[in-house]
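Coordinate analysis (summary)
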Amino acid sequence: MFFGTTNLDICFNVERLPMPGESLMGALTRHPGGKGANQAVAAARLGLRPHFYTRLGDDDAGQLLLNSLTEAGVRTDAIKVCAGEVSGSALVLVGDDGSNLIVIDPGANSKMTPDMVESATKFIERDAIVVAEMGMPIPALNRLFEIKRDKGFELIFNPAPVRPGLSVAAWKSVDFVTPNQTEAFELTRVEVSDFETAAHAAAKLLDLGPRAALITLGAQGAYYADAKISFALRAFPVKVVDTTAAGDAFIGAFAASMAQRLPLREAVRKALAVAALCVTRRGAQSSMPTAQAVDELLKSQTIVELE
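Residues numbered from 1 in each chain as written. Predicted model: local features only at pLDDT ≥ 70, side-chain atom pairs only at ≥ 80, totals over all residues. Heavy atoms only, no water.

**Things to note about the nonpolar core**
In terms of nonpolar packing, the biggest core is built from 53 residues, with F52, I156, F176, F250, F254 and V268 touching the most fellow members. With 11 residues, helix α9 (residues 264-278) is the single largest residue contributor to this core. Once residues lying within four places of it in the same chain are set aside, the contact partners of F250 are L214, T216, A222, V268, A271, L272 and A275. Judged by nonpolar contacts, the second largest core, of 41 residues, contains M1, A132, F153 and A202. (Core = buried A, V, L, I, M, F, W, Y, C linked by side-chain atoms within 4.5 Å. Buried < 20%, exposed > 50% of the residue type's maximum accessible area, 1.4 Å probe, protein only. Helix = DSSP H or I, 4+ residues; strand = E, 2+ residues; numbered from the N terminus. Contact = heavy atoms within 4.5 Å.)

Shown next, in the form of structure tokens:
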């Protein structure tokens, strides 16, 4: 089950990202997005039928976002559509090199409460994989993580965007923490530029309490570490068009692979394949690949593992 945010992405495709004070011409598109929603859609495109909890306004954007989730195969019975509220939105600038700038207005997402999250946990199935991201209000996250002790699910935590306030007990309930390079730096003050520095950051992440750390390094790949093993996998080389939802694609695919009980290295490799295909297309949820496309990529290319 996924817990997280849902936004309408208002995207401007520009030749390059602007400098402060600079005006640029661009092409406007709108896409369903939001970190939690993107992750749930990524898992659904791989053949799962995940539950998803979020809050939407009863506006046109909310209906569009709900339709996108339903069409992707996400189970929406836990979602709350809230009268008189405005759905979340994000302004996204995407350069021709795939780089992006994102500003978010959380809207209805910001009003998730601990009680609301606790009510939604009735949809968590036995032995489930649960994914949560830090766009949710921190008190709601802390409550979800507390509930893990009673529910016994496996918890994947995407600490984005990094914010203070997560309790010590909450950190200790995390099974897999999955930051990118920037988020790993914000949490550990270790600048992650390669697999060697990722190893240093992962050690500090484990000191926070999670059972395992899985750091994504963009075009370089991913680094995994727990108390017993560590490994790095290089990314699949692709032509990058839009990196907006790459991290969400990776996390959704990793969660789906763990739910399907794939071996750990295979789960990370599959997540890298999904993220690679995601960045070859524009948009967030619209860029999530199908299981068939992922299988074809995995069969066509090898990936290098570094111990």
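**Quick word on the packing of aromatic side chains**
Applying the stated criterion to the full structure yields 5 aromatic pairs. Taking 5.3 Å as the distance between ring centres and 80 degrees as the angle between the ring planes, the aromatic pair formed by F176 and F254 counts as edge-to-face. Taken together, the residues span a long stretch of sequence, with F176 in strand β11 (residues 176-177) and F254 in helix α8 (residues 246-259) at a distance of 78 residues. The burial state of F176 is the same as that of F254; both residues are buried. Geometrically, the ring pair formed by Y224 and F231 is stacked, given 5.2 Å between the ring centres and 25 degrees between the ring planes. Across this residue pair, the class does not change: Y224 and F231 are buried. An aromatic cluster is built from F145, F157 and W171, whose rings are joined through pairwise contacts. Just above the ring of F176 sits the side chain of R211; from NZ or CZ to the centre is 4.9 Å. (Phe/Tyr/Trp six-rings, centres within 6.5 Å; stacked < 30°, edge-to-face > 60°. Lys NZ or Arg CZ within 6 Å of the ring centre and 35° of its normal.)

**Topic: the sheet that holds strand β2 (residues 7-14)**
With mixed pairing, 4 strands are arranged side by side in an open sheet as β3-β2-β7-β8. With one partner strand each, in any of the chains shown, β3 (27-33) and β8 (100-105) form the two edges of the open sheet. Here the strands of the sheet are splayed against their neighbours by 20 degrees on average, with no regard to which way each runs. In this sheet, strand β7 (residues 88-95) lies alongside β2 in parallel orientation, the contact comprising 8 bridges. Note on β7: the bridge partner recorded for N13 is V94. (Pairing = 2+ DSSP bridges. Axes fitted to C-alpha atoms, helices over the stretch in contact; angles between N-to-C directions.)

**Observations regarding the pattern of salt bridges**
Inspection of every chain in the model, using the stated rule, returns 10 salt bridges. Between K35 and D248 there is a salt bridge, with the nearest N and O atoms lying 2.8 Å from each other. Taken together, the residues span a long stretch of sequence, with K35 in helix α1 (residues 35-45) and D248 in helix α8 at a distance of 213 residues. By relative accessible area, K35 is classed as partly exposed at 23%. Classification of D248 by relative accessible area gives buried; the value is 3%. Salt bridges here are not isolated pairs; linked through shared partners, they connect K148, E154, D175, R211 and R261. (Salt bridge = Lys/Arg side-chain N within 4 Å of Asp/Glu carboxyl O.)

**What to know about unusual backbone geometry**
The linkage connecting A160 with the following residue, P161, adopts the cis geometry, with an omega of -10 degrees. Its place among the elements puts P161 in the loop between β10 (154-158) and α5 (168-172). Positive phi outside glycine occurs at D127, with the angle close to 60 degrees. With respect to the element layout, D127 can be found in the loop between α3 (114-120) and β9 (129-133). The phi angle at R261 is positive, at roughly 65 degrees, despite the residue not being glycine. Its location among the elements puts R261 in the loop between α8 and α9.

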